[in-house]
Amino acid sequence: MRIGILGAGQLAQMMAQAAPGLGLECGFLAPEADACAAPYGRHWQASFDDQEAVAELVEWADVITYESENVSLTLVESLSKQLPVYPPVAALQAARDRGEEKQLCRSLGVATADFALINSSSELPGALAKLGCPAILKTCREGYDGKGQVWLRSAEDLPAAVEQADATACVLEAVVPFQREISAIAARSIDGAVSCFSLSENIHREGILRLTINRRNDSQQQQAEQLIGRLMEQLNYVGVLALELFDVAGELRVNEIAPRVHNTGHWTPAGARHSQFEAHLLAVAGRSLPSLDWSNDCAMINIIGALPDQTAIDAITGASLHLYGKSPRPGRKLGHINLIFSPHQSPTQRLDELRKLLILVGEGEIADRLEASWL
Ligand code: ATP
Ligand code: MG
């Protein structure tokens, strides 16, 4: 079976790498000449509104999926009239717009940060008075890795917020006093069966994910599965869905919904019986879902901006390097490292290994603040 993927970045690449083992094949529609997924399948190097390329993709593919919620909704709607598209259009519509996403959560009784929709800067003072300071003004669309976000901590931050609010539709969010950030990643098959990975606990710096560890038997697992199940059912979802969550004294609030495989699930090839990439492909291909049970405790460290010393990484037992083949640029995700912990390691030994890797990728600050009890 042939899976047509809109986009050809690292998420598409990792899906395509998982495909042959499942008897599947991937092809990509993406404008970039140097798209990193391109070596792993047929690549239509064209923009999303290139009619000829889209027609060829439709002719080639049996089913369509996408690697980003920032894909053209018009294209996805039009494709869904011609062949199956998963996750369904309704999921894309909700997840691509922070305002719609929050309203969907609210309608299902799923908690989020307190928020106000902002259509122009004149609405900012009233919303700020209601939500309090600090608050975050986020563009409804196109944001990722903390882009399109203005933190309002003092009057000095106001001009940037006014400019953003007048340029595009935004949501203003109260800052959530979370104890930790976690994510739930689940897959749902066409027949409605849902399977969830063990939770990921995530550490961000400057709005970008740096480190994730998987949590076997987390105390919030059931609560998170219940939330993700509710959203999936409402959306008649097919494929992998990720929920970014804030844990506030044991109560979960949804930060974002991602209708796709997710960076916080990159540990799954090392720490679960099947990866998120396999799970997504199987679901969209109409196959039944395998067990997504935990298999190893592990951590995933993002490589951002610059390539680390590979030999030093190879020397760490349990570490495996995964590079996407992208050229280095500040802030760009270039790859990740999965670190499998041995059941025989003490928390202190685990922390030692993790720290070495964090330092190798320039995350010494995170290495310094971690404690063995966290592992
Ligand atoms: P990504 O692409 O990594 O998901 P993004 O650009 O979509 O990022 P968000 O997930 O909204 O942005 O925010 C990035 C990070 O900023 C969050 O993971 C969290 O650490 C922090 N953050 C965002 N919103 C809030 C909030 N309301 N309260 C507290 N922290 C927040
Ligand atoms: Mg996010």
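Above this text you will find the structure in question.
The shown structure was predicted, so the numbers you read here are calculated from the model rather than taken from an experiment.

**Examining the overall build of the chain**
When helices and strands are counted, the chain shows 13 helices and 17 strands. What you see for the chain is a C-alpha radius of gyration of 20 Å, in line with the 21 Å of a compact globule of 375 residues. With respect to the principal axes defined by its C-alpha atoms, the chain has extents near 55 × 55 × 40 Å. Evaluated residue by residue, the chain yields a buried proportion of 57% over its 375 residues. Taken as two groups, the 31 positive and 46 negative side-chain charges of the chain have centres that lie 3 Å from each other.

**Re the side chain of Glu 173**
Structurally, Glu 173 is set in strand E8 (residues 170-174). A relative accessible area of 2% places Glu 173 in the buried class. A polar side-chain atom of Glu 173 sits 2.8 Å from a polar atom in the side chain of Lys 102. Looking at Glu 173, its side chain comes within polar contact range of the side chain of Lys 138, at 3.1 Å. Residue contacts for Glu 173: discarding those within four places in its chain leaves Lys 102, Ala 113, Asp 114, Phe 115, Leu 131, Ala 135, Ile 136, Lys 138 and Asn 255.

**So, the state of the cysteines**
The final tally for this structure, using the stated rule, is zero disulfides. The thiol of Cys 133 is unpaired, and the distance to the nearest cysteine sulfur, on Cys 170, comes to 16 Å. Cys 140 supplies the cysteine sulfur nearest to Cys 170, a cysteine that is in no disulfide, at a spacing of 6.3 Å. Residue classification places Cys 170 among the buried positions, given a relative accessible area of 1%.

**Quick notes on the coordination of the magnesium ion (ligand 2)**
At the metal site, the magnesium ion (ligand 2) is ligated by Glu 244 (OE) and Glu 256 (OE), and these contacts range over 2.0 Å. One end of the pair, Glu 244, is in strand E13 (residues 239-248); the other, Glu 256, is in strand E14 (residues 251-258), and twelve residues separate them in sequence. Glu 256 shares its class with Glu 244; the two are buried.

**Section: the pairing of E8**
The element E8 is largely enclosed, with a buried count of five among its five residues. Burial along E8 is two-sided: Cys 170, Leu 172 and Ala 174 facing one way and Val 171 and Glu 173 facing the other are all buried. One ladder, built from four bridges, connects strand E5 (residues 115-118) with E8; its direction is antiparallel. Residue pairing across strands places Phe 115 opposite Glu 173, the latter belonging to E8. Looking at chain direction, strand E6 (residues 135-139) and E8 are connected through five bridges and run antiparallel. Looking at E8, one finds that Ile 136 is bridged to Glu 173.

**With respect to the sheet that holds strand E7 (residues 149-152)**
Spatial ordering of the open sheet is given by E5-E8-E6-E7, a layout of four strands whose pairing is antiparallel. Each end of this open sheet is capped by a strand with a single partner; those strands are E5 and E7. Each neighbouring strand pair of the sheet contributes to a mean axis angle of 20°, computed without reference to strand direction. In terms of strand pairing, E6 meets E7 through four bridges, oriented antiparallel.

Calculation criteria
Residues numbered from 1 in each chain as written. Chains lettered and ligands numbered in written order. Predicted model: local features only at pLDDT ≥ 70, side-chain atom pairs only at ≥ 80, totals over all residues. Heavy atoms only, no water. Helix = DSSP H or I, 4+ residues; strand = E, 2+ residues; numbered from the N terminus. Rg over C-alpha atoms; globule rule 2.2 N^0.38 Å. Buried < 20%, exposed > 50% of the residue type's maximum accessible area, 1.4 Å probe, protein only. Lys, Arg positive; Asp, Glu negative; His and termini not counted. Charge placed at Lys NZ, Arg CZ, Asp CG, Glu CD. Polar contact = N/O pair within 3.5 Å; in protein donor to acceptor, adjacent residues only side chain to side chain. Contact = heavy atoms within 4.5 Å. Disulfide = S-S within 2.5 Å. Donors = N, O, S within 2.8 Å, 3.2 Å for Na, K, Ca; no water. Pairing = 2+ DSSP bridges. Axes fitted to C-alpha atoms, helices over the stretch in contact; angles between N-to-C directions.

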